[in-house]
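# Chains, contacts and geometry: an overview
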Amino acid sequence: QVQLVESGGGLVQAGGSLRLSCAASGRTFNMGWFRQAPGKEREFVAGITRSGGTTNYADSVKGRFTISRDNAKNTVYLQMNSLKPVDTAIYYCAAGGIFSISRVEYEYAYWGQGTQVTVSS
């Protein structure tokens, strides 16, 4: 069993930064961050392999967000810079897969409870 606990969300002005953290217990998997804005479907944001050697980003965040992990602490991070109001959403950490990074929700077996990120204009 894997448990995921996100933290680091909050309210920030456009152009600002936030760093989300996801503390994991249990086995090590590839990890992903997803987000769901009001009235929209949940979407892939970024993913990272178990070793941290490979990352993948949605086009909408590429160049602004950075995913990383510290396996000694069993924690995954999402550094979000140059935030925009369209980045406002609940951000979820997910664990699943041991091969390539998936952008598909159902390939992630474990999910955190989510953390709210609000970007004001």
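Structure report, in brief. (Residues numbered from 1 in each chain as written. Predicted model: local features only at pLDDT ≥ 70, side-chain atom pairs only at ≥ 80, totals over all residues. Heavy atoms only, no water.)

## What to know about the packing of aromatic side chains
Between two aromatic rings, the relevant description is the distance of the centres plus the angle of the planes. Selection rule: The aromatic pairing rule takes the rings of Phe, Tyr and Trp, using the six-membered ring of Trp, and pairs them if the centres are within 6.5 Å, calling planes under 30 degrees apart stacked, those over 60 edge-to-face and the rest tilted. We count a stretch as a helix when DSSP gives it H or I for four or more residues in a row; a strand needs E for two or more, and each element gets its number in order from the N terminus. Between buried and exposed lies partly exposed: a residue is buried under 20% and exposed over 50% of the maximum accessible area for its type, with that area taken using a 1.4 Å probe on protein chains only.
Taken as a whole, this structure holds six aromatic pairs when the rule is applied. With 5.6 Å between their ring centres and 80° between their planes, Phe34 and Phe44 make a pair best called edge-to-face. Here Phe44 lies in strand β5 (residues 43-48) and Phe34 lies in strand β4 (residues 31-36), a separation of 10 residues in the sequence. With respect to class, Phe34 is no different from Phe44; both count as buried.

## Structural notes on unusual backbone geometry
Positive phi outside glycine occurs at Asn74, with the angle close to 55°. Note on placement: Asn74 falls in the loop between β7 (65-70) and β8 (75-80). Residue class for Asn74 comes out partly exposed when judged on its relative accessible area of 22%. A positive phi angle, near 50°, is found at Ser82, a position not held by glycine. The residue Ser82 is located in the loop between β8 and β9 (89-95) in this model. Since its relative accessible area comes to 42%, Ser82 is described here as partly exposed.

## Brief notes about the environment of Ala14
We apply this condition: Residue contacts follow a heavy-atom distance rule, with two residues in contact if any of their heavy atoms lie within 4.5 Å.
Relative to the helices and strands, Ala14 resides in the loop between β2 (10-13) and β3 (18-25). C-alpha of Ala14 to C-alpha of Ser120: the two residues are 106 residues apart in sequence and 5.7 Å apart in space. Discounting residues that sit within four places of it in the chain, Ala14 has contacts with Leu83, Pro85, Val119, Ser120 and Ser121.

## Details of the environment of Tyr57
Our working rule: Between N or O atoms, a polar contact is any pair within 3.5 Å; within protein, one atom must be a potential hydrogen donor and the other a potential acceptor, and residues adjacent in sequence are included only when both atoms are from side chains.
Looking at the element boundaries, Tyr57 is found in strand β6 (residues 55-57). On the accessibility criterion, Tyr57 (13% relative accessible area) is buried. For the pair Tyr57 and Ala109, spaced 52 residues apart in sequence, the C-alpha separation works out to 20 Å. In contact with Tyr57, other than residues within four places in its own chain, are Phe44, Val45, Ala46, Lys62, Phe65, Thr66, Ile67 and Arg103. A polar contact is formed between the side chain of Tyr57 and the backbone nitrogen of Ile67, at a distance of 2.9 Å.

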